[in-house]
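Fold and contact review
Residue strings, one per chain:
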Amino acid sequence: MAFSPRLAALAAVVAVPLGIAATSYAMTDTPEAPKVPPAVQLDERPGGTPPPGPSASPSAPASPSSPSSTGGDVVPGPSAADGDDDDDDDLGDDG
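**Considering the overall build of the protein chain**
Secondary structure summary: the protein chain contains one helix and zero strands in total. Counting over 95 residues, the protein chain shows a buried share of 0%. Just so you have it, the protein chain exposes about 9,500 Å², and 61% of that area is on carbon and sulfur atoms.

Dropping the structure here:
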């Protein structure tokens, strides 16, 4: 049986990806075990208080006309029952 070009192409299609995979596997390093720190320090500040910084000025009172910068105002999201959110209910309607 002669070694035909069709058989050579089939061998290349199989051999090239296998060669790439074997080379990639041989070049990988084994990962090191994770190192655990000797101690973990938690933040000593009470929860919810921002760290003191240049933008925080406790002595300056907030003016009533300016919005609150503390983020205390929570705006509720839209209700699922309000309105019709289906954008595809007018398929085929060009008007």
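**Quick look at a nonpolar patch on the surface**
Where nonpolar side chains cluster on the molecular surface, the patch consists of Phe3, Leu7, Leu10, Val13, Val14 and Leu18 and spans about 620 Å² of accessible area. With respect to the helices, strands and loops of the structure, Phe3 is situated in the segment before α1 (5-27). Judged by its relative accessible area of 62%, Phe3 is exposed.

Thresholds applied
Residues numbered from 1 in each chain as written. Predicted model: local features only at pLDDT ≥ 70, side-chain atom pairs only at ≥ 80, totals over all residues. Heavy atoms only, no water. Helix = DSSP H or I, 4+ residues; strand = E, 2+ residues; numbered from the N terminus. Buried < 20%, exposed > 50% of the residue type's maximum accessible area, 1.4 Å probe, protein only. Areas by Shrake-Rupley, 256 points an atom, 1.4 Å probe, with all protein chains shown as cover. Patch = residues over 30% accessible without salt bridge, like charges linked within 9 Å, V, L, I, M, F, W, Y side chains within 5 Å. Salt bridge = Lys/Arg side-chain N within 4 Å of Asp/Glu carboxyl O.

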